[in-house]
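Here is what each chain is made of, one letter per residue.
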Amino acid sequence: MTGRIRHCPADHIYTLSLTCPACGRPTSVAHPVRFSPMDKYGRYRRLAKHD
Ligand SMILES: [Zn+2]
């Protein structure tokens, strides 16, 4: 399935429809989840430093 998954920001529902099946709001294209370990570790490092 390489279709464009869409996402309702209000309900956090993923759908292929242009409108949310739950609330009827226009959905936006769901961006693929990006794993950014560097950012994650950077954050933790920052927290650790700050603490
Ligand atoms: Zn919705």
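Whatever comes next refers back to the structure up there.
Here the structure is a predicted model, which means the values were calculated and not measured.

Analysis parameters
- Residues numbered from 1 in each chain as written.
- Predicted model: local features only at pLDDT ≥ 70, side-chain atom pairs only at ≥ 80, totals over all residues.
- Heavy atoms only, no water.
- Donors = N, O, S within 2.8 Å, 3.2 Å for Na, K, Ca; no water.
- Tetrahedral: all angles 85-135°; square planar, octahedral: opposite > 155°, others 65-115°.
- Helix = DSSP H or I, 4+ residues; strand = E, 2+ residues; numbered from the N terminus.
- Buried < 20%, exposed > 50% of the residue type's maximum accessible area, 1.4 Å probe, protein only.
- Contact = heavy atoms within 4.5 Å.
- Pairing = 2+ DSSP bridges.

Here we come to the coordination of the zinc ion. Within the protein, the zinc ion binds to C8 (SG), D11 (OD), C20 (SG) and C23 (SG); these donor distances fall in the range 1.7 to 2.2 Å. Classification of the site at the zinc ion as tetrahedral follows from its four donor atoms and the range of 104 to 113° in their angles at the metal. If you list the donors of the zinc ion from N- to C-terminus, the spacing comes out as C-x2-D-x8-C-x2-C. Placement of the pair is C8 in strand β1 (residues 6-8) and C23 in the loop between β2 (13-15) and β3 (28-29), with a sequence separation of 15 residues. The class for C23 is partly exposed, based on a relative accessible area of 33%.

Along the chain, L16 falls in the loop between β2 and β3. Discounting chain neighbours no more than four positions away, the residues touching L16 are R4, I5 and R6.

Turning our eyes to something else, we now look at the sheet that holds β3. Across the sheet, which stays open at both edges, the three strands sit in the order β2-β1-β3 with antiparallel pairing between neighbours. On the outer flanks of this sheet lie β2 and β3, each paired with one strand and no other. Pairing analysis gives two bridges linking β1 to β3, with the strands arranged antiparallel. Paired with R6 across the strands is V29, a residue of β3.

This next bit is on unusual backbone geometry. Positive phi values are uncommon outside glycine, yet H12 reaches one of about 60°. Along the chain, the position of H12 falls in the loop between β1 and β2.

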